[in-house]
2 protein chains.
Amino acid sequence: MITIVAKNIIKQGMTKKFKAAVKPLIEASQKEGGCISYNLYEDVSDPSVLTFIEQWEDQEAIDRHNNSAHFTQIVPTLSAFRTESEVRLYKII
Amino acid sequence: MITIVAKNIIKQGMTKKFKAAVKPLIEASQKEGGCISYNLYEDVSDPSVLTFIEQWEDQEAIDRHNNSAHFTQIVPTLSAFRTESEVRLYKII
């Protein structure tokens, strides 16, 4: 299993637009083969921090996800909404 | 449910010591009331990045955790092993 933590710092006034843009990405990703979980989280003390926490069966599932239509169409549009992003892939130890 | 992502950037040569120090913290935390999951993850491309991902039923469970003997005895010792840490509490959206 590989866990992805993808943090986004959203530009002021852009959180609603970001959430709307990623809604179909979340829905389609959750249905993918090899996706264990895929959800968006909001920092309880700073609503401008929106972070995906994703669990995937293996790297092959992530590769398919990264090449899916919903990923390649939606993810490139997200940079307009954020000032910063950090994506890390983790293995449990 | 509240999800905590607590990232630690470990000093060079200190990852084994950090992992040994947090082993009893992980074991005791997983047994706590209100703990849904509590695990340590390693960045697959940078083993100096060690991140806890924790799921708790509510803030009261986190408050009890923060006041537990294992937390108050172990967590203050961890700053010696790391150069940086970032703790964020998240709600799912």
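You'll find the structure just up there.
Residues numbered from 1 in each chain as written. Chains lettered and ligands numbered in written order. Predicted model: local features only at pLDDT ≥ 70, side-chain atom pairs only at ≥ 80, totals over all residues.

Visitor: How would you sum up the environment of A:R64? Please name residues and give values.
Guide: Residues and elements named next belong to chain A. As for its placement among the helices and strands, R64 is situated in helix α2 (residues 59–66). Note on R64: 15 C-beta atoms within 10 Å, which makes it partly exposed. Distance from R64 to E32, taken between C-alpha atoms, is 8.8 Å for residues 32 residues apart in sequence. Here R64 is in contact with E32 and G34, once residues within four sequence places are set aside. (Helix = DSSP H or I, 4+ residues; strand = E, 2+ residues; numbered from the N terminus. Buried ≥ 20, exposed ≤ 12 C-beta atoms within 10 Å, placed from the backbone. Contact = placed C-beta atoms within 7 Å.)

Visitor: Give me the lowdown on the pairing of strand β4 (residues 82–92) of chain B, citing residues and values where you can.
Guide: Burial of β4(B) is sparse: only one of the eleven residues sit out of reach of the surface. As defined by bridge partners, strand β2 (residues 35–43) of chain A adjoins β4(B) across three bridges and the pair is classed as antiparallel. If you follow A:E42 over to β4(B), its bridge partner there is B:K91. Bridge count for strand β1 (residues 2–10) of chain B against β4(B) is eight bridges, and the pairing is antiparallel. Bridge pairing in β4(B) places B:N8 opposite B:S85. (Pairing = 2+ DSSP bridges.)

Visitor: Just give me the short version of the sheet that holds strand β2 (residues 35–43) of chain B, but keep the residues and values in it.
Guide: Remark on secondary structure: sheet strands pair via backbone hydrogen bonds, oriented parallel or antiparallel. Read around the closed barrel, eight strands run β1(A)-β3(A)-β2(A)-β4(B)-β1(B)-β3(B)-β2(B)-β4(A), paired in antiparallel fashion. Each strand axis lies, on average, 30° off the axis of its neighbour in the sheet, ignoring direction. (Axes fitted to C-alpha atoms, helices over the stretch in contact; angles between N-to-C directions.)

Visitor: Account for the nonpolar core, with residues named and values stated.
Guide: Counting residues in each nonpolar core, the largest one holds 22 residues, and the members touching the most others are A:F18 and B:F18. If you list the elements that add at least two residues to this core, you get β1 (2–10), α1 (15–30), β2 and β3 (46–56) of chain A together with β1, α1 (15–30), β2 and β3 (46–56) of chain B. With residues near it in sequence (within four places) discarded, A:F18 still touches A:I10, A:L50, A:L78 and A:F81. (Core = buried A, V, L, I, M, F, W, Y, C linked by C-beta atoms within 7 Å.)

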